[in-house]
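Results of the structural survey
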Amino acid sequence: MEHYPKALDIYEQNHAEIQAYPKVKNRFLCIKVMCYALSKQTEKELQCIPENIRQLPPDQYYYLRFIQLIFWYQMEDWEGSLQETENFLKVLNYVNEPHFDADYKQLAYFYLDFFKAISTIPMTQKQNLIQLQTALIVCKNSKSAHNDYLLLMWLEKEVEELLNG
């Protein structure tokens, strides 16, 4: 996870080859945006997200919606983070794409719990974060975490930083 600057360098070195293949291009876009999120380069993160992400395949659309949640959090807009997460959950509950929905719904609820926890009173916050941290570890160790591993890792890292001060 700490190798994201190297991943960005590799992306730039192979930019032309990546752009030649639409599926590869979109998948690398998700990785590139996540690298910017992990390095807290919010302006670059936001610039990379296409205007109409709904036209992307469902897994990439969902991934970029999570990045948007991270963006609101990084901008310290707790209310925006919470509202966007609730809106995203409405989308996930509305559409019927079972091969993606279950994992992404669970992850979205983790993000919702995180955003709720950071906006509550300190004593409750710590208890909520510890419960969330436990749930994230269980999820990360399950077989279903392969599609959203970086998203889980980002959230786990943020929870750990909040717990350790």
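To be clear, the structure that these remarks concern was listed above.
Structure report, in brief. (Residues numbered from 1 in each chain as written. Predicted model: local features only at pLDDT ≥ 70, side-chain atom pairs only at ≥ 80, totals over all residues. Heavy atoms only, no water.)

A word on the packing of aromatic side chains
To keep it simple, the criterion reads: We call Phe, Tyr and Trp rings a pair once their centres come within 6.5 Å, taking the six-membered ring for Trp, and we label the pair stacked below 30 degrees between planes, edge-to-face above 60, and tilted otherwise. Secondary structure follows DSSP: runs of H or I at least 4 residues long count as helices, runs of E at least 2 residues long count as strands, and numbering of each begins at the N terminus. Accessible area is worked out with a 1.4 Å probe on protein chains only. A residue is then buried under 20% of its type maximum, exposed over 50%, and partly exposed in between. By definition here, charges over rings are those cases where NZ of Lys or CZ of Arg is within 6 Å of the ring centre and within 35 degrees of the ring normal.
Enumeration over the complete set of coordinates arrives at 16 aromatic pairs. With a centroid separation of 5.1 Å and 65° between ring planes, the pair formed by Tyr-62 and Tyr-104 is classed as edge-to-face. Placement of Tyr-62 in helix α5 (residues 58-74) and of Tyr-104 in helix α7 (residues 98-118) is noted, with a sequence separation of 42 residues between them. Residue Tyr-62 shares its accessibility class with Tyr-104, and that shared class is buried. Taking the centre distance of 5.8 Å and the plane angle of 15° together, the rings of Tyr-111 and Trp-154 count as stacked. Linking Tyr-111 in helix α7 with Trp-154 in helix α9 (residues 149-164), this pair joins segments that are 43 residues apart in sequence. Both residues of the pair, Tyr-111 and Trp-154, belong to the buried class. Three or more aromatic residues joined by ring pairs form one cluster here, namely Tyr-61, Tyr-62, Phe-66, Tyr-73, Trp-78, Phe-88, Tyr-104, Tyr-111, Phe-114, Phe-115 and Trp-154. The cationic tip of Arg-54 hangs over the ring face of Tyr-61; the distance from NZ or CZ to the ring centre is 4.4 Å.

Section: the packing of helix α3 (residues 22-38) against α9
Note the cut-off: Here the axes come from fitting lines to C-alpha atoms, over the contacting stretch only for helices, and the angles between their N-to-C directions go from 0 to 180 degrees. Here roughly perpendicular refers to angles of 65 to 115 degrees, roughly parallel to angles under 35, roughly antiparallel to angles over 145, and oblique to all remaining angles. Contact between two residues is taken to exist if any of their heavy atoms lie within 4.5 Å; hydrogens are not considered. All residues other than Ala, Val, Leu, Ile, Met, Phe, Trp, Tyr, Cys, Pro, Asp, Glu, Lys and Arg, Gly among them, are scored as polar; the first ten of these are nonpolar and the last four charged.
For the pair α3 and α9, the least separation of the axes is 11 Å and the interaxial angle reads 5°. Taken together, the axes of α3 and α9 lie roughly parallel to each other. On α9, the residues touching Met-34, Ala-37 and Leu-38 of α3 are Leu-150, Leu-151, Trp-154 and Lys-157. Tallied by class, residues from the contact of α3 with α9 come to six nonpolar, no polar and one charged.

A look at the packing of helix α1 (residues 4-13) against α3
Applicable threshold: Handedness of each helix crossing follows the sense of rotation of the near helix against the far helix: counterclockwise by less than a right angle gives left-handed, clockwise gives right-handed.
Contact geometry for α1 and α3: axes closest at 9 Å, N-to-C directions at 140°. Between α1 and α3 lies a crossing whose hand is left-handed. The segment α1 lies against α3, with Tyr-4, Ala-7, Leu-8, Tyr-11 and Glu-12 engaging Phe-28, Lys-32, Cys-35, Tyr-36 and Leu-38. Here the contact of α1 with α3 is built from residues that sort into eight nonpolar, no polar and two charged.

What to know about the nonpolar core
To be explicit about the condition: Only buried Ala, Val, Leu, Ile, Met, Phe, Trp, Tyr and Cys residues count toward a nonpolar core, and they belong to the same one when joined by side-chain atoms within 4.5 Å.
Among the nonpolar cores identified, the biggest contains 45 residues, and Leu-64, Phe-66, Ile-67, Tyr-111, Phe-114, Leu-151 and Trp-154 are the most heavily contacted of them. Going through the elements one at a time, α3, α5, α6 (78-94), α7, α8 (122-140) and α9 are the ones with two or more residues in this core. Looking at this core, the element that brings in the most residues is α7, giving 10 residues. In this structure, Leu-64 is in contact with Leu-29, Cys-30, Val-33, Ile-49, Pro-50, Ile-53 and Leu-56, ignoring residues within four places of it in sequence.

Focus on the pattern of salt bridges
We count it as follows: Note on definitions: salt bridges are taken to be side-chain nitrogens of Lys or Arg within 4 Å of carboxyl oxygens of Asp or Glu.
Overall, the coordinates contain five salt bridges when judged by the stated rule. Residues Lys-32 and Glu-12 are paired through a salt bridge, measuring 3.9 Å at the closest nitrogen-oxygen approach. Placement of Lys-32 in helix α3 and of Glu-12 in helix α1 is noted, with a sequence separation of 20 residues between them. Judged by its relative accessible area of 14%, Lys-32 falls in the buried class.

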